Amino acid sequence: MRVKRAPMYLYIVAVFLLIVLFTSALGFTLDYIQYTRELPKLLTSFRSELIADYLSAVYTRDKGWEGLDEELGQMISLNYLGDQQSAHIRLVVHDLEGKMLLNSFETLTSVGDAPLLQGERSEIKDLDSSQTVGTVTLYIAAEYIDEESRTYLVSLLTTLLIREAVTAVIAILLLVFLSRLITKPLSELQDAISSVASGQKKEITPSGSSETASLGESFNTMTRELEKQKELRKQMIADLAHDLNGPLHAIRLEARALRDGISTVDEASSEIIDDIDSISTLVYDLDYIADVDSGEIILQKKPTELKRFLLGIERHWLSYAKEGGFSLSSILPETGTQEILIDEVRMGRAVGNLIQNAVRYNRRGTSIVLKGSLENDSCLIQVCDDGKPIPSDLHEKIFERFYRGDTSRSRTTPGSGLGLSIVSRIAQLHGGSVSLESGEGKGNCFTIAFPAAQKTEA
C-alpha cells in the first residue's frame, strides 16, 4: 500500500516558517536586551541635551548667568523639567572653571527618597559665538526612567512585531508561489515515473527552470528509449521463438521420418546436426552479447600484419561463399609490412559476420570484395558487395539487436539478427565504429574503422 505524502512545497513552507519564527524570536530577544540596557541612558541624555539647549538660549539672551535662579523657577512653572512628583528632575550647572552656578537640590525641597539616575554632562554654549560656557548635569528618578523605557520599548517592539509579521506573511505567500512553481514540474515528474513503473506509457511537458525542463526532456528521452527497448524485446522474443521453433520443428520431422522408415539414419542425422548447429549458433551469439554488455570480454590485442590477417579471413570464408554461389576476393594493402593492434579472433568474427550477411541477403552471383587500408593512423577494413543496396533509412537500424528489415524474408532466411550488432560492439571495443555506404550501382560497403595502434597517454 502506497502512503500518500504531503506535497513537497508544504515541507519547504514549513521549514521556511520555522526559520522565520526562530530568527524573529532571536531578533526580538537581542533587541529587547539592547534597548533595555541603552534606553535609560538615551532618555536621560535626550533630556539633558534639551535642557542644555534651553540654557544656551538663556545665556545668549542675557549675555551671562544673571537671573539663572529665576529661570529655574520659570522652567518649573512651564513644567519644562517634567512632572516633579514622579520624575524628580534636578539640575546642577557649572561654568568652565568648575564653579557651581545652580543646584536645584537646594532650590527644590520635594526631593523625597526616590533614587536618582545621573546623566552625562551636556555642554552649554553661547549661540552667538558657538563657544562652550558651561555644563549642566541632569538627575532624574530611576523608577520614572524605567517606566518610561518600558512604555517606549513596548511601543517599539509592537511596531517591530507588526512589521515582521507583515514581512513574514508576504515572504510566505511569495515562497508558496515560488515553491509551487519549482515543485510542480518535480511532482509531475514523480507521477510520470510512477506511471512508467506501473507499465504505462507516459511523457510530460518540460516546464519550469532550465534545470527542471532539462530533467523533463531527459525523462521523455528515457521513456521513449524504454518504449523502444520494450518493442525490441517483444520483437526479440518473437524472433527467438521463430529461430528456435524452426530447427526444433525440423528435428521433429526428421525424427518422425526416421521412426517411420521414410528417411535413413545418415540422412536424418545429417539434417538434425545442421539444425542443432543453427540453435548452437544462436545461443553462442546471445551468450556473446551478454558477455559484452556485462563487460566480461577483455580483448587480447597484439600487433598483427594487416595483409596476413585479411588473407586468413579470405581463405576461411572462400569455400562458404563459393557454396552459396558467390565470389570472394580481396584488395590487399600495398607491398610492405603494415601492422595493426587488434584481437584477431574477435575482429575476425566481426569481418566474418559481414561476409556471412553478404552471402545470406544477396542473390547468387553477387561479388564480395574484402579490402584493407591504413589512413591517418586509422585502419579501415571493408566488406563490399554489388548486390541490392540497403535503403538509407535503415543504415542505423540494421545495427540494432534482432532488427531485420524484411520481416517476411527473416522468417525464411537463417540468422538471429545479432550479427551486425556484434560487429558494432567489436568495433567499439577496439575504439572504433562501423558504418555503411550503399547506392544503386554501388551495392553495399560496410566499413570497420578503428585506431591502427595503441594510443600512448601523456
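Residues numbered from 1 in each chain as written. Predicted model: local features only at pLDDT ≥ 70, side-chain atom pairs only at ≥ 80, totals over all residues. Heavy atoms only, no water.

## Side note on the overall build of the protein
What counts, and what does not: Under the scheme used here, helices are H or I runs from DSSP no shorter than 4 residues and strands are E runs no shorter than 2 residues, and both carry numbers assigned from the N terminus. Each residue is placed in one exposure class: buried if its accessible area under a 1.4 Å probe, protein chains only, is under 20% of its type's maximum, exposed if it is over 50%, and partly exposed if it falls in between. The contact criterion used throughout is that any non-hydrogen atoms of two residues lie within 4.5 Å. Reported accessibility uses the Shrake-Rupley method at a 1.4 Å probe radius. Residues are deemed covered only where the shown protein chains occlude them.
From N to C terminus, the protein includes ten helices and twelve strands. Within the span of the protein, comprising 458 residues, buried residues form 37% of the whole. Expressed as a percentage of contacts within the protein between residues at least 6 apart in sequence, the contacts between residues at least 24 apart total 68%. Working note: accessible area of the protein is about 27800 Å², and carbon and sulfur atoms make up 56% of it.

## Some details on the packing of helix α7 (residues 306-323) against helix α8 (residues 344-360)
Our working definition: For helices, the axis comes from a line fit to the C-alpha atoms of the stretch in contact; other axes are also lines fit to C-alpha atoms, and the angle between any two N-to-C directions lies between 0 and 180 degrees. Left-handed describes a crossing in which the near helix is turned anticlockwise from the far one by less than a right angle; the clockwise case is right-handed. Basically, the charged four are Asp, Glu, Lys and Arg, the nonpolar ten are Ala, Val, Leu, Ile, Met, Phe, Trp, Tyr, Cys and Pro, and anything else, Gly included, counts as polar.
Here α7 crosses α8 at 35°, and the two axes come no closer than 10 Å. Regarding α7 and α8, the two cross each other, and that crossing is right-handed. Touching R308, F309, I313, W317, Y320 and A321 of α7 are E344, M347, G348, V351, G352, I355, Q356, V359 and R360, all from α8. In terms of residue class, the contact of α7 with α8 is built from nine nonpolar, three polar and three charged.

## Brief notes about the nonpolar core
Definition in use: As used here, the term nonpolar core means buried Ala, Val, Leu, Ile, Met, Phe, Trp, Tyr and Cys residues forming a set that is joined through side-chain atoms within 4.5 Å.
Counting residues in hydrophobic clusters, the biggest one holds 40 residues, and the most contacted among them are F309, M347, V351, I381, I448 and F450. Elements supplying a minimum of two residues to this core: α7, β8 (339-342), α8, β9 (367-375), β10 (378-385), α10 (419-429), β11 (433-439) and β12 (443-451). With seven residues, the single largest contributor to this core is α8. If we ignore the near neighbours within four places in the chain, the residues touching I448 are M347, A350, V351, L354, C379, L380, I381, V423, A427, S433 and V434. Counting residues in each nonpolar core, the second largest holds 20 residues, with Y59, L72, L102 and L138 among its members.

## Observations regarding a nonpolar patch on the surface
Going by this rule: A patch is a set of surface residues, each over 30% in relative accessible area and not in a salt bridge, joined within 9 Å for like charges and within 5 Å for the nonpolar side chains Val, Leu, Ile, Met, Phe, Trp and Tyr. Here, a salt bridge means any side-chain nitrogen of Lys or Arg that lies within 4 Å of a carboxyl oxygen of Asp or Glu.
Together, L174, F177, L178, L181 and I182 give the surface a local cluster of nonpolar side chains, amounting to about 500 Å² of exposed area. Looking at where L178 falls in the secondary structure, it is placed in helix α4 (residues 142-197).

## Description of the packing of aromatic side chains
This is how the line gets drawn: Here a pair means two rings of Phe, Tyr or Trp (six-membered ring of Trp) with centres within 6.5 Å. Their orientation is stacked below 30 degrees between planes, edge-to-face above 60, and tilted elsewhere.
All chains considered together, the criterion is met by three aromatic pairs. Look at W317 and Y320: their rings are 5.3 Å apart centre to centre, the planes differ by 80°, and that puts the pair in the edge-to-face class. With W317 and Y320 both in helix α7 and three residues apart, the pair spans about one turn of that helix. Ring geometry for F399 against F446: centres 6.2 Å apart, planes inclined by 80°, an arrangement best described as edge-to-face. One end of the pair, F399, is in the loop between β10 and α9 (407-410); the other, F446, is in strand β12, with 47 residues separating them in the sequence. Residue F399 is classed as buried on the basis of its relative accessible area, which comes to 14%. Among the residues examined, F446 registers a relative accessible area of 8% and is labelled buried.

## Some details on the confidence of the model for the protein
Any region with low pLDDT has predicted coordinates that should not be read closely. For the record, the criterion: The quantity called pLDDT is the predictor's confidence in a given residue, expressed from 0 to 100.
Per-residue pLDDT for the protein averages 78, and the proportion of residues at 70 or more is 81%. Within the protein, no element has a lower average pLDDT than α9, which sits at 42, and none a higher one than β12, at 93.

## A short note on the pattern of salt bridges
Going through the model one piece at a time under the given rule, you end up with five salt bridges. Note that D62 is salt-bridged to R61, the shortest N-O span being 3.0 Å. Across the salt bridge formed by R346 and D343, the nearest N and O atoms sit 3.0 Å from each other. What emerges from the salt-bridge pattern is a single network uniting K302, R308 and E344.

## Considering the environment of V369
Inspection of the secondary structure assignment puts V369 in strand β9. The sequence separation of V369 and I331 amounts to 38 residues, and the corresponding C-alpha distance is 7.2 Å. With residues near it in sequence (within four places) discarded, V369 still touches S329, I331, Q382, V383 and C384.

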